[in-house]
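# Descriptive analysis of the structure
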Amino acid sequence: MSGEEAPTQQQQPEQQEKKPDEPPPAAADAPEEATSAPAAEEKTLSFRALVLTGHGGYDKVKLQVKTQGEPRLQPGEVLVRVKACGLNFGELLGRMGMDELLPSPPVTMGVEGSGVIEAVGEDVKERKVGDRVIVLSLGGMWQEVVVVSANRTFPMPEQMSFEEGAALSVNYVSAYLMLFEMANVRPGKSVLIHMAAGGVGIAATQLCQTVQDVTVFGTASASKHETIAQGGVTHLIDYRTKDYVAEIRKISPKGATNSVTGPKKNLLAVAKTWYNQLSLNTLKLMPANKAISGFYLGHIINEELVSRTMFKLLELYGQGKIKPHIDSKLPL
Ligand SMILES: NC(=O)c1ccc[n+]([C@@H]2O[C@H](COP(=O)([O-])OP(=O)(O)OC[C@H]3O[C@@H](n4cnc5c(N)ncnc54)[C@H](OP(=O)(O)O)[C@@H]3O)[C@@H](O)[C@H]2O)c1
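Remember, predicted model here, so these are calculated numbers, not experimental data.

Let us now look at the overall build of the protein chain. A tally of regular secondary structure across the protein chain gives 8 helices and 13 strands. Per-residue burial for the protein chain yields a buried fraction of 36% across its 332 residues. Across the protein chain, contacts joining residues at least 24 apart in sequence account for 71% of those joining residues at least 6 apart.

In structure tokens form, the structure reads like this:
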């Protein structure tokens, strides 16, 4: 928590007192919680938030109004008026209770968004009131105002919309780090992208095209093939009806040298994964000159790496080499 009453992005269980708005339909089912009015002389701030009230379906996500004392910014923090926030696969898992890192409900989810800085704390030199920024945080972005460390904000290019800003960070930082930090993609290589029509897959495909002569194999449902082909996937594989390993070997007997994002699991795939895990002999990697790596954005503690990656991505955006794909916009 940044200041005991500040709206914050740290992943803490919701402790602020909440009261329903003139309730929109979703707020009607919000859990009853005690509401105590702030002291009369204290300035208050009211803002809407999407709160996960329990694990399960969409009915567990409620639009609520929080009223609390005005945030007191700590040194290095900024207050951002959120204009757009992203919805990721991870949040769907969190909603269903499958994200161990997410605190127990009630909790406000959301790790990425964009908005305008409304206030800055002491020692904040590189951001000022009025700046349009992208925010990549630890949680709590699904609300209208957030307090966040200034070094988790990144200046938005003028031509970038708030929706694009909100869609950039998780997908592109994940794809960039997997491709260039973990897999070390170089000119002339081939890459297999699972879920190529998803947010990370689209980002990875665009990023592959920033490297000369990279061949992209992409798995996706057949209905999405035309779109991802236009996006730059060279070889399209319908993993729902075909064995992608066999398909790749038909095209390229040596296979793809790099693979990004996890495959969609069906029972056969789970069984294969289980078998492969048990049978993996790391000593065999050495004579084969192969490497295996894992990646989890939520566990990257190197702030400098995240920041450097974001600035690189903003540069690529400015050069027109990457562009987030916005599928739908949902008003709060
Ligand atoms: N480790 C990390 O740090 C990290 C970071 C970001 C994302 N991820 C993971 O990477 C994967 C892709 O993320 P994303 O943001 O690209 O996901 P996304 O945009 O939601 O796309 C997911 C894709 O999965 C396929 N799919 C198959 N069954 C599905 C189902 N029941 N519901 C939804 N989609 C289904 C769909 O493609 P088809 O129709 O073609 O099958 C869809 O395009 C997820 O598993 C996510 O958790 C990991």
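Turning to the site of the ligand, a few remarks are in order. In the vicinity of the ligand there are 21 residues, among which G198, V200, A220, S221 and L297 approach most closely. Sorting the residues of the shell around the ligand by element identifies α1 (89-95), α2 (162-182) and α3 (199-208) as the ones contributing at least two each. When its residues are assigned to classes, the shell around the ligand shows 9 nonpolar, 10 polar and 2 charged. Mapped onto the domain boundaries, the shell around the ligand takes at least three residues apiece from domain 1 (18-156) and domain 2 (170-297).

Here we take up unusual backbone geometry. Cis geometry marks the peptide bond from P105 to P106; its omega dihedral reads 0 degrees. Along the chain, the position of P106 falls in the loop between α1 and β5 (107-108). One non-glycine residue with positive phi stands out, namely N184, at about 55 degrees.

For the rest of this paragraph, the subject is the nonpolar core. With 65 residues, the main nonpolar core has V80, A175 and L313 as its most contacted residues. A per-element tally of this core places α2 first, with 10 residues. When we break this core down by domain, the ones giving at least three residues each are domain 1 (18-156) and domain 2 (170-297). Contacts of L313, omitting those with residues within four sequence positions, involve L168, Y172, V173, Y176 and I322.

This part covers the environment of E226. Mapped onto the secondary structure, E226 falls in helix α4 (residues 225-231). Given 10 C-beta atoms within a 10 Å radius, E226 is considered exposed. Taking C-alpha positions, E226 is 9.0 Å from L236, a pair spaced 10 residues apart along the chain.

Here we take up the sheet that holds strand β6 (residues 112-120). Across the sheet, which stays open at both edges, the 5 strands sit in the order β8-β4-β6-β7-β9 with antiparallel pairing between neighbours. The open sheet has two edge strands, β8 (145-149) and β9 (153-155), and neither has a second partner. Across the sheet, the axes of successive neighbouring strands diverge by a mean angle of 45 degrees, strand direction being ignored. Of the pairings in the sheet, the one linking strand β4 (residues 77-85) to β8 comprises 5 bridges and is antiparallel in character. In the strand pairing of β8, V78 is matched with V148. On top of the sheet, α2 reaches β4, β6 and β7 (132-136); it is set at about 115 degrees to β6, its chief contact.

This brings us to the environment of V51. Structurally, V51 can be placed in strand β2 (residues 44-52). Overall, V51 belongs to the buried group, with 25 C-beta atoms counted inside 10 Å. Remark: the alpha-carbon pair of V51 and T108, spanning 57 residues in sequence, is separated by 4.6 Å.

Right, let's get into helix α8 (residues 303-318). Between the first and last C-alpha of α8 there are 23 Å, a value that for 16 residues agrees with the 22 Å anticipated at 1.5 Å per step. Within α8 the residues assigned to the buried category are T309, M310, L313, L314 and Y317. All buried residues of α8 fall inside an arc of 140 degrees around its axis, so they share one side. Those residues of α8 that are exposed and aimed more than 90 degrees away from the buried face are E304, R308, F311 and E315.

Since the α-helix turns once every 3.6 residues, residues separated by three or four places project in the same direction. Where burial is concerned, most of α3 is hidden: 10 out of the 10 residues are buried. Among all positions in α3, only G199, V200, G201, I202, A203, A204, T205, Q206, L207 and C208 are buried.

This paragraph deals with the pairing of β2. Bridge count for β2 against strand β3 (residues 61-69) is 9 bridges, and the pairing is antiparallel. Paired with V51 across the bridge in β3 is K62.

The rules behind each value
Residues numbered from 1 in each chain as written. Predicted model: local features only at pLDDT ≥ 70, side-chain atom pairs only at ≥ 80, totals over all residues. Helix = DSSP H or I, 4+ residues; strand = E, 2+ residues; numbered from the N terminus. Buried ≥ 20, exposed ≤ 12 C-beta atoms within 10 Å, placed from the backbone. Contact = placed C-beta atoms within 7 Å. Near = placed C-beta within 6 Å. Nonpolar A, V, L, I, M, F, W, Y, C, P; charged D, E, K, R; others polar. Domains from an automatic or database assignment. Core = buried A, V, L, I, M, F, W, Y, C linked by C-beta atoms within 7 Å. Pairing = 2+ DSSP bridges. Axes fitted to C-alpha atoms, helices over the stretch in contact; angles between N-to-C directions. Expected span 1.5 Å × (residues − 1). Arc of directions from axis to C-beta.

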